[in-house]
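Coordinates in review
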Amino acid sequence: MTVKVTVTGAAGQIGYALLFRIASGQLLGADTPVKLSLLEIPQAVKSAEGTAMELDDCAFPLLRGIEISDDPAKAFDGANVALLVGARPRTKGMERGDLLEANGGIFGPQGKAINDHAADDIRVLVVGNPANTNALIAQSAAPDVPAERFTAMTRLDHNRALSQLAAKLNVPVAEIKKMTIWGNHSATQYPDLFHAEVGGKIAAEQVEQEWLRDTFIPTVAKRGAAIIEARGASSAASAANAAIDHVHDWVNGTPEGDWTSAAIPSDGSYGVPEGLISSFPVVSRNGRWEIVQGLEIDAFSRERIDASVGELVEERDAVRALGLI
Ligand SMILES: NC(=O)c1ccc[n+]([C@@H]2O[C@H](COP(=O)([O-])OP(=O)(O)OC[C@H]3O[C@@H](n4cnc5c(N)ncnc54)[C@H](O)[C@@H]3O)[C@@H](O)[C@H]2O)c1
Ligand SMILES: O=C(O)C[C@H](O)C(=O)O
């Protein structure tokens, strides 16, 4: 069956890095034909048309059509996967409340359009920032869709953590298992080495505690800002790569003996208030994310998880006060 994948912000830099990989089969697998639906604002539709011309010119065997629209109702009609990338960036002089409100104006209507028009098996990944809270806004505008289908991306943070640790220990990334990002996709996130394993042994025991606390955690948590500083633009190809990883694992399952990180609606596990879209250690089984249970959380980790979850609570309360959820 052909899977319809809707990408918002399709003419943006992440969109450009993402669409070709979806069309080549890397999102869903080499046996799954895809139809792409590109949603943009009216001013960017022409640019999306240019990208569509290039997609045509790749002659991807799995690509079974491209639609372009500035109307969410059309773009999400029959969608099986939705990648919500387009968002309102923070500009000079903008307060946090203004940013949340502007994004509410995007993610509320998109959530409603998903509710009213998407396929029954719709899976949503929010990439556009502030990703966790944008996902909460979209989810609360879609009461007929199971809440668990709305997720936000912390896979880029997860991949950054793998790569930093691999470089520190001079091991291949593939030797690292059970990495976790907890909380918000923001500088408060907590990359956890107390459950990660390298060569079957706990990662935190293989690095100096100072490095873990003063180098590893801030490097991973502030990597997005460091990329912006270096590139003059936020991460694009690595963000697209993480979106591919997230949806691929969601649909196809995570490997046995390992887990990954995704921001999904909390069921109250690990003291995270129910309903918050927070990052957890997760596995995907039968097309559903499940939170890995039973991990011991020490005082060091508890403090950091609580700080990031506290920020998510503040964001939730702010969008609630604005009437966005
Ligand atoms: N979660 C993560 O790990 C992560 C990583 C990197 C970037 N991001 C975020 O992803 C978002 C996109 O980044 P980018 O570099 O592609 O930005 P970009 O500015 O290059 O592209 C964004 C696109 O979204 C479009 N857009 C704006 N409002 C829209 C709407 N209502 N409907 C459809 N399209 C709309 C714009 O026209 C633009 O083409 C940003 O919010 C960025 O902060 C998240
Ligand atoms: O767009 C940003 O602010 C940074 C981005 O979320 C990232 O983690 O690279």
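About the thresholds
- Residues numbered from 1 in each chain as written.
- Chains lettered and ligands numbered in written order.
- Predicted model: local features only at pLDDT ≥ 70, side-chain atom pairs only at ≥ 80, totals over all residues.
- Heavy atoms only, no water.
- UniProt positions renumbered as here; feature names shortened; annotations may be inferred.
- Helix = DSSP H or I, 4+ residues; strand = E, 2+ residues; numbered from the N terminus.
- 1 Å grid on protein atoms, 1.4 Å probe; cavity = no way out; pocket = protein on both sides within 12 Å on 5 of 7 lines; lining within 4 Å.
- Points joined across faces, edges and corners; volume = space filled by probe spheres on them.
- Nonpolar A, V, L, I, M, F, W, Y, C, P; charged D, E, K, R; others polar.
- Expected span 1.5 Å × (residues − 1).
- Buried < 20%, exposed > 50% of the residue type's maximum accessible area, 1.4 Å probe, protein only.
- Arc of directions from axis to C-beta.
- Contact = heavy atoms within 4.5 Å.
- Salt bridge = Lys/Arg side-chain N within 4 Å of Asp/Glu carboxyl O.
- Pairing = 2+ DSSP bridges.
- Near = heavy atom within 4 Å.
- Polar contact = N/O pair within 3.5 Å; in protein donor to acceptor, adjacent residues only side chain to side chain.
- Areas by Shrake-Rupley, 256 points an atom, 1.4 Å probe, with all protein chains shown as cover.
- Right-handed = clockwise from strand over helix to strand, strands pointing away.

Named according to an unreviewed UniProt entry, the protein is Malate dehydrogenase originating from Microbispora maris. The protein has a UniProt comment under Catalytic activity (unreviewed entry) that states "(S)-malate + NAD(+) = oxaloacetate + NADH + H(+)". Under the Function (unreviewed entry) heading, UniProt states for the protein: "Catalyzes the reversible oxidation of malate to oxaloacetate."

Considering the UniProt feature "domain: Lactate/malate dehydrogenase N-terminal" (unreviewed entry) in the protein
The UniProt record marks residues 3-143 with the feature "domain: Lactate/malate dehydrogenase N-terminal" (unreviewed entry), using the residue numbering of this structure. With 43% helix and 19% strand, the stretch residues 3-143 has end C-alpha atoms that lie 23 Å from each other.

Section: empty space enclosed by the protein
Taken as a whole and assessed by the stated rule, the structure comprises one cavity of 30 Å³ or more. Along the walls of the largest cavity sit Asn-132, Thr-133, Leu-136, Leu-276, Ile-277 and Leu-312, which together make up its complete lining. For the lining of the largest cavity, a count of residues per class yields four nonpolar, two polar and no charged.

Things to note about helix α2 (residues 45-57)
End to end, α2 covers 18 Å across 13 residues, agreeing with the expected 18 Å (1.5 Å per residue, within 8%). Those residues of α2 lying buried are Val-45, Ala-48, Thr-51, Ala-52 and Leu-55. The buried residues of α2 occupy an angular sector of 110° when the element is viewed end-on, so they sit on one face. When the buried face of α2 is taken as reference, the exposed residues oriented beyond 90 degrees from it are Lys-46, Met-53 and Asp-57. Taken together, the buried residues of α2 touch α1 (13-23), β2 (34-39) and β3 (63-69).

Regarding the layout of surface pockets
Quantified by volume, the second largest pocket comes out at close to 260 Å³. Forming the walls of the second largest pocket are 14 residues, and the residues nearest its centre are Glu-148, Ile-264, Arg-288, Trp-289 and Glu-290. Taken together, the elements giving at least two residues each to the lining of the second largest pocket come down to β12 (260-265) and β14 (288-291). With four residues, the top contributor of residues to the lining of the second largest pocket is β14. Looking at the lining of the second largest pocket residue by residue, the class counts come to five nonpolar, two polar and seven charged.

Here's the deal with the pattern of salt bridges
Under the defined criterion, the tally for this structure stands at twelve salt bridges. Among the ionic pairs, Asp-157 bridges to Arg-160, the shortest N-O distance being 3.7 Å. With Asp-157 and Arg-160 both in helix α6 (residues 155-169), this residue pair falls three residues apart, about one helical turn. The pair formed by Asp-157 and Arg-160 is uniform in burial state, with each residue classed as buried. Asp-214 is the salt-bridge partner of Arg-213, the closest N and O atoms lying 3.0 Å from each other. When its relative accessible area of 40% is taken as the criterion, Arg-213 is described as partly exposed. Asp-214 gets classed as partly exposed once you look at its relative accessible area, which sits at 47%.

Thoughts on the sheet that holds strand β10 (residues 197-198)
Strand pairs in the sheet, formed through backbone hydrogen bonds, run parallel or antiparallel to each other. Pairing in this open sheet of three strands is antiparallel, and the strands run β7-β10-β11 from one edge to the other. The two strands at the open ends of the sheet, each matched to only one other strand, are β7 (176-177) and β11 (201-202). As paired elements, β10 and β11 share two bridges and run antiparallel to each other. Pairing of Glu-197 across the sheet is with Ile-202, part of β11.

A word on the site of ligand 2
With respect to spatial proximity, the complete set of residues near ligand 2 consists of Asn-129, Arg-160, His-185, Gly-224, Ile-228, Ser-234 and Ser-235. In the model, an oxygen atom of ligand 2 is placed 2.8 Å from a nitrogen or oxygen of the Asn-129 side chain. Relative to its free-state accessible area of 270 Å², ligand 2 is covered by the protein chains to the extent of 72%. Within the shell around ligand 2, the residues separate by chemical class into one nonpolar, five polar and one charged.

Concerning the pairing of strand β4 (residues 81-84)
Side-chain alternation along β4 places Val-81 and Leu-83 on one buried face and Ala-82 and Leu-84 on a second face that is also buried. Crossover β4 to strand β5 (residues 123-126) through helix α4 (residues 96-117) is right-handed.

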